[in-house]
Amino acid sequence: MNYKMSYWLMRILGVGGILVMLIGGLTNQTIVGGIGVVCVLGGTIQTSFFYHCPHCKRDLPKRTLHKTCPYCKKPLD
């Protein structure tokens with residue numbers, strides 16, 4: 001998995017998991033809320049394994065999708 005796919009998977013699982021947790025909380029279904037928690041945690045954990053620079057292998061800052069590595073200054077594509 002490359003860094004771009006990891007970034008977008010983190011965003012999708014994070015937002016989707018939060019929405020599922022809200023639905024579970026509003027309907028008093030703890031199983032649905034638990035599924036939302038698992039989605040958020042899964043997105044966060046996969047990011048720690050796959051969202052890094054392919055050159056220097058340092059973790060990239062998670063706020064934005066970068067075009068160059070802020071550490072080694074090499075292009076990520």
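About the thresholds
Residues numbered from 1 in each chain as written. Predicted model: local features only at pLDDT ≥ 70, side-chain atom pairs only at ≥ 80, totals over all residues. Heavy atoms only, no water. Helix = DSSP H or I, 4+ residues; strand = E, 2+ residues; numbered from the N terminus. Buried < 20%, exposed > 50% of the residue type's maximum accessible area, 1.4 Å probe, protein only. Patch = residues over 30% accessible without salt bridge, like charges linked within 9 Å, V, L, I, M, F, W, Y side chains within 5 Å. Areas by Shrake-Rupley, 256 points an atom, 1.4 Å probe, with all protein chains shown as cover. Salt bridge = Lys/Arg side-chain N within 4 Å of Asp/Glu carboxyl O. Contact = heavy atoms within 4.5 Å. Phe/Tyr/Trp six-rings, centres within 6.5 Å; stacked < 30°, edge-to-face > 60°. Lys NZ or Arg CZ within 6 Å of the ring centre and 35° of its normal. Expected span 1.5 Å × (residues − 1). Arc of directions from axis to C-beta.

1. A closer look at the environment of Ile 12
Here is step 1: For Ile 12, the position within the fold is in helix α1 (residues 3-26).
Here is step 2: The class of Ile 12 is exposed, set by a relative accessible area of 58%.
Here is step 3: As for Ile 12 and Cys 39, which are separated by 27 residues in sequence, their C-alpha atoms are 9.2 Å apart.

2. A word on a nonpolar patch on the surface
Here is step 1: A cluster of nonpolar side chains, Met 1, Met 5, Val 37, Leu 41, Ile 45, Phe 49 and Phe 50, forms an exposed patch at the surface whose accessible area comes to about 690 Å².
Here is step 2: Among the elements that line the nonpolar patch, the one with the most residues is helix α2 (residues 30-50), at five residues.
Here is step 3: Note on placement: Phe 50 falls in helix α2.

3. Structural notes on the side chain of Ser 6
Here is step 1: Mapped onto the elements of the fold, Ser 6 is located in helix α1.
Here is step 2: Relative accessible area serves as the criterion here: at 0%, Ser 6 is assigned to the buried category.
Here is step 3: Leaving out residues up to four positions away in the same chain, Ser 6 has contacts with Met 1, Gln 46, Thr 47, Phe 50 and Tyr 51.

4. Regarding the packing of aromatic side chains
Here is step 1: Applying the stated criterion to the full structure yields three aromatic pairs.
Here is step 2: Look at Tyr 7 and Tyr 51: their rings are 5.8 Å apart centre to centre, the planes differ by 35 degrees, and that puts the pair in the tilted class. Taken together, the residues Tyr 7 in helix α1 and Tyr 51 in the segment after α2 connect sequence positions 44 residues apart. The exposure classification of Tyr 7 matches that of Tyr 51, with both residues buried.
Here is step 3: Across the ring face of Tyr 71, the terminal group of Arg 58 is positioned such that the distance to the ring centre comes to 3.8 Å.

5. A short note on α2
Here is step 1: Its 21 residues give α2 an end-to-end C-alpha distance of 30 Å, which sits within 8% of 30 Å, the value for a rise of 1.5 Å per residue.
Here is step 2: Listed as buried for α2 are Gly 33, Gly 36, Gly 43, Gln 46 and Thr 47. One face of α2 carries all of its buried residues, which in axial projection span an arc of 165 degrees. When the buried face of α2 is taken as reference, the exposed residues oriented beyond 90 degrees from it are Thr 30, Ile 31, Val 38 and Phe 49.
Here is step 3: Here the buried face of α2 lies against α1.

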